[in-house]
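# Residue-level structural notes
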Amino acid sequence: MNQAAIYLAPGISTGHCKAAITEELARVNGIKSVAVDLEAKLIRVSAEQIDDAAVIAAIGQAGYESVRA
């Protein structure tokens, strides 16, 4: 069963942001899907089990600060 979590990333605004975040999150073990809402500044992640630290670290690797919403 998949879990979902939403993260707030106030610094995202362009397609480049979306692509960078999606690429980094694809490297996190267990993540099934990623949806980035640039207008709302939200990232929705679906995984078998959410590892907040790993997700936040991956978003950081993409160059953005985030917190779980």
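On a predicted model such as this, the values are computed, not experimentally measured, just so you know.

### A look at unusual backbone geometry
Across the chain, the bulk of peptide bonds are trans and the bulk of non-glycine residues have phi less than zero. One non-glycine residue, K41, adopts positive backbone phi at about 65°. Residue position: K41 is located in the loop between strand 2 (31-37) and strand 3 (42-47).

### Topic: the pattern of salt bridges
Going through the model one piece at a time under the given rule, you end up with 3 salt bridges. The residue E24 makes a salt bridge to R27 at a minimum N-O spacing of 3.1 Å. For E24, a relative accessible area of 17% translates into the label buried. Close ionic contact of D52 with R68 constitutes a salt bridge, the shortest N to O distance being 3.0 Å. One end of the pair, D52, is in helix 2 (residues 52-61); the other, R68, is in strand 4 (residues 67-68), and 16 residues separate them in sequence. A relative accessible area of 29% places D52 in the partly exposed class. The partly exposed category is assigned to R68, whose relative accessible area is 42%. By sharing partners, the salt bridges in this structure join E23, E24 and R27 into a single network.

Conventions adopted
Residues numbered from 1 in each chain as written. Predicted model: local features only at pLDDT ≥ 70, side-chain atom pairs only at ≥ 80, totals over all residues. Heavy atoms only, no water. Helix = DSSP H or I, 4+ residues; strand = E, 2+ residues; numbered from the N terminus. Salt bridge = Lys/Arg side-chain N within 4 Å of Asp/Glu carboxyl O. Buried < 20%, exposed > 50% of the residue type's maximum accessible area, 1.4 Å probe, protein only.

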